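In case you want the letters, here they are:
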Amino acid sequence: MLNWILKQPPSKKLVPKDKIASSYKWHQLGVLLATCIGYIGYYIIRLIFTTEQTDIMKVYHFTTADIGLVLSCFGIGYGFAKLFMGALADKCDSNRYLMLGLLLSAILNIFLGSTRNLYLMMFLMFLIAVTQGMGAAACQRMIQLWWGKRRRGTIYSIWSSAHNAGSFICVAVVQLATFLFAGSISAVFYTASAVSFAICILILVLGADRPQVVGLPDISTYTGDKVYLDNGKVSTTDSTNLSIWQIFVKYILKNKLVWAVTLTSMSLYLVRYGIQSWIPSYLVQNKGFDASFAKWLIGIFELASVPGVIIIGAISDALKGCRALVSIACVIGMLICLTIYFFSSNHTMIVVALMIMGNLIYAPLTLVGLMVNEVVPKFAVGSSTGFMGFFQYIFGETLATALIGILVNKYGWIASNTVLYVASGFAIVFLIYTAISEVKLQKEAKTKNK
């Protein structure tokens, strides 16, 4: 198994030169499908417990505190897993790594649906979080290895929309299983795992780790794709003899741009969950919304962002990869919508502002996820993804839920407004630094490599 999961050597059978272009297109389509469908499978497993929490409390006689304990195990485990499993992805065959993570998640999910013991559930949820940490790093690494910078923003945005699609499909799986198996909670978990097992097969059939394993030239050779490092040097290679720790220290911890983009992402995650997690409570308590309609707005906030994220990703490609500048424009627009959301009493305006805001939050979140991969060598993409994910979930999501909940309870909703404005301001500051640094590094790199 260890040899199977590790990075595979280049194929000895090379694709003829006159067929390279067509072969590249077919394999790129396969990789895009593998990453999108694969990550939908990850989200089905990830959200199945959250979706079933009401029935679990009713049938298993759990309290909201019990549910919170189980969910907190996922959040903590996922944050740390993103860091370590992301770094491990750089040394593995990304496609097989993606499949293995989903396979292990689906197996653990069967056990989760077979027990009513709270402590066993907490342990299993933590283990699921660890295996879930394998998904994003593998997908983002494949995108970096299969597409040049000219098209990467569009492709990355399409993959990112799998997050939203996975949330919707998870609900569909729950409804189907509930209908077919007379409301059995265990059957819902089993059905989710069965769907994920099928997706595992599709991943192996459709995807590929990198162009060289199928006899194609690497993306740098094929498109001239280059990575501008923080020291002004250019990197084109996708492999290294450095250890995981050496890669992490040299290209992550000592990289100022990685820190700037990561802190931007953490700030935006705080805004994302600071809005999303509190939509029902905020709108019912402050704006007089109907409670059932306010719950539906969570789904609207998610789904409405899909087209905008893809369009904005394409715009960043059209502007020759100026992703920081596009993100700054999005955050400024988000602040305008946030102000309407906070201070308007018109229900229609609030709903419209919320829908637009979903696009303007998820778009820069998608772009910064891409940016952190583009400022490190291709052999450090998994490490950069994991490093960002650690800050997103351990700090961004935690602050958005625990801190805002405490502040609102003590000072009222004005405290939430203040936290989200401050977080948005930090995001803009970090993005300005990133935009200036990107321009400076590109100029230095061009000068050094003339």
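Small disclaimer: the values here were computed from a predicted structure and weren't measured.

Draft legend 1. Molecular detail of the overall build of the protein. A count of helices and strands for the protein gives 19 helices and two strands. In terms of overall dimensions, the protein is globule-like: its C-alpha atoms have a radius of gyration of 22 Å, near the 22 Å expected for 450 residues. Taken along the three principal axes of its C-alpha coordinates, the protein extends 60 × 45 × 35 Å. The buried share among the 450 residues of the protein stands at 55%.

Draft legend 2. Region of the structure containing the packing of aromatic side chains. Taken as a whole and assessed by the stated rule, the structure comprises 20 aromatic pairs. Between Y24 and Y222 the ring centres are 4.0 Å apart and the planes differ by 5°, which places this aromatic pair in the stacked class. Of this pair, Y24 sits in helix 2 (residues 20–51) while Y222 is found in helix 10 (residues 219–223), placing the two residues 198 residues apart along the sequence. Given a relative accessible area of 0%, Y24 falls into the buried group. Residue class for Y222 comes out partly exposed when judged on its relative accessible area of 33%. Each member of the aromatic cluster is reached from another via a ring pair, and the members are F80, W245, F248, W259, F387, F390 and F391.

Draft legend 3. Spotlight on the environment of L283. Position of L283 relative to the elements: it lies in helix 13 (residues 279–287). Considering only alpha carbons, one finds L283 and T366, 83 residues apart in sequence, at a separation of 27 Å. Non-local contacts of L283, meaning those with residues more than four positions away in its chain, are made with G288, F289, L297, Y341 and I350.

Draft legend 4. Layout of the pattern of salt bridges. Enumeration according to the criterion identifies four salt bridges in this entry. Of the charged contacts in the structure, one is a salt bridge between R141 and D90, with a shortest N-O distance of 3.8 Å. One end of the pair, R141, is in helix 7 (residues 135–146); the other, D90, is in the loop between helix 4 (64–89) and helix 5 (94–112), with 51 residues separating them in the sequence. The residues R141 and D90 share a single accessibility class, namely buried. Residue D317 pairs with R323 through a salt bridge whose shortest N-O separation is 3.1 Å. Among the charged side chains, a salt-bridge network with shared partners connects D90, R141, D209 and R210.

Draft legend 5. Quick look at the nonpolar core. Core analysis: the largest hydrophobic core is formed by 139 residues, its most contacted members being Y39, F49, I275, Y341 and M357. In terms of residue count, the dominant contributor to this core is helix 17 (residues 347–374) (15 residues). In this structure, Y39 is in contact with R46, Y78, G135, A136, C139, W159, A162 and H163, ignoring residues within four places of it in sequence.

Draft legend 6. Representation of helix 13. Those residues of helix 13 not exposed but buried are I279, Y282, L283 and K287. The buried residues of helix 13 all sit within an arc of 90° when viewed along its axis, so they share a single face. Downstream of helix 13 by one or two residues, G288 has phi in the positive range, about 75°.

Draft legend 7. The arrangement of a nonpolar patch on the surface in detail. Nonpolar side chains collect at one region of the surface, where I76, F80, F84 and F126 lie side by side and expose about 410 Å² of accessible area between them. Among the elements that make up the nonpolar patch, the one with the highest residue count is helix 4 (three residues). With respect to the element layout, F126 can be found in helix 6 (residues 118–132).

Draft legend 8. Looking closely at the packing of helix 16 (residues 323–343) against helix 17. It is the contact of helix 16 with helix 17, at a shortest axis distance of 8 Å, that shows an interaxial angle of 155°. Looking at the two axes, helix 16 sits roughly antiparallel to helix 17. Our pair here, helix 16 against helix 17, has a crossing hand that is left-handed. Looking at the contact of helix 16 with helix 17 residue by residue, the classes come out as 22 nonpolar, two polar and two charged.

Draft legend 9. Looking closely at the packing of helix 2 against helix 8 (residues 149–180). Two elements in contact, helix 2 and helix 8, have axes separated by 7 Å at closest approach and are oriented at 35°. Helix 2 and helix 8 meet at a crossing whose hand is right-handed. In the contact of helix 2 with helix 8, the residues fall into 17 nonpolar, six polar and one charged.

Draft legend 10. How the structure looks around empty space enclosed by the protein. Scanning the entire structure with this criterion turns up three cavities of 30 Å³ or more. Counted as a void, the largest cavity has a volume near 280 Å³. Around the largest cavity sit 22 residues that line it, and S160, H163, Y269, L365 and Q392 are the ones nearest its centre. Looking at the lining of the largest cavity, the elements with two or more residues in it are helix 2, helix 4, helix 7, helix 8, helix 12 (256–276), helix 17 and helix 18 (381–411). Of the residues contributing to the lining of the largest cavity, the split by class is ten nonpolar, nine polar and three charged.

Draft legend 11. How the structure looks around unusual backbone geometry. Located in the positive-phi region is H61, a residue other than glycine, with phi close to 60°. Looking at where H61 falls in the secondary structure, it is placed in the loop between helix 3 (53–60) and helix 4.

Draft legend 12. Fine view of the side chain of T35. By secondary structure assignment, the location of T35 is in helix 2. Its relative accessible area of 1% is what places T35 among the buried residues. When near neighbours in sequence (up to four residues on either side) are disregarded, T35 contacts L98, C139, M142 and W159.

Draft legend 13. A look at helix 8. Between its first and last C-alpha, helix 8 extends 46 Å over 32 residues, near the 46 Å set by a 1.5 Å rise per residue. The sharpest bend along helix 8 comes to roughly 30°, located at N164. Residue A182 follows helix 8 closely and has a positive phi angle near 55°.

Draft legend 14. Quick look at the environment of R272. Relative to the elements of secondary structure, R272 occurs in helix 12. Under the relative-accessibility criterion, R272 is labelled buried at 7%. In the structure, R272 is positioned 85 residues away from M357 in sequence and 9.4 Å away in space, judged by C-alpha atoms. Apart from residues no more than four positions distant in its own chain, R272 is found in contact with Y43, E302, I361, Y362 and L365.

The rules behind the values
- Residues numbered from 1 in each chain as written.
- Predicted model: local features only at pLDDT ≥ 70, side-chain atom pairs only at ≥ 80, totals over all residues.
- Heavy atoms only, no water.
- Helix = DSSP H or I, 4+ residues; strand = E, 2+ residues; numbered from the N terminus.
- Rg over C-alpha atoms; globule rule 2.2 N^0.38 Å.
- Buried < 20%, exposed > 50% of the residue type's maximum accessible area, 1.4 Å probe, protein only.
- Phe/Tyr/Trp six-rings, centres within 6.5 Å; stacked < 30°, edge-to-face > 60°.
- Contact = heavy atoms within 4.5 Å.
- Salt bridge = Lys/Arg side-chain N within 4 Å of Asp/Glu carboxyl O.
- Core = buried A, V, L, I, M, F, W, Y, C linked by side-chain atoms within 4.5 Å.
- Arc of directions from axis to C-beta.
- Patch = residues over 30% accessible without salt bridge, like charges linked within 9 Å, V, L, I, M, F, W, Y side chains within 5 Å.
- Areas by Shrake-Rupley, 256 points an atom, 1.4 Å probe, with all protein chains shown as cover.
- Axes fitted to C-alpha atoms, helices over the stretch in contact; angles between N-to-C directions.
- Parallel < 35°, antiparallel > 145°, perpendicular 65-115°, else oblique.
- Left-handed = near helix turned anticlockwise from the far one by under 90°.
- Nonpolar A, V, L, I, M, F, W, Y, C, P; charged D, E, K, R; others polar.
- 1 Å grid on protein atoms, 1.4 Å probe; cavity = no way out; pocket = protein on both sides within 12 Å on 5 of 7 lines; lining within 4 Å.
- Points joined across faces, edges and corners; volume = space filled by probe spheres on them.
- Expected span 1.5 Å × (residues − 1).
- Bend = angle between axes of the 7 residues up to and from the residue.

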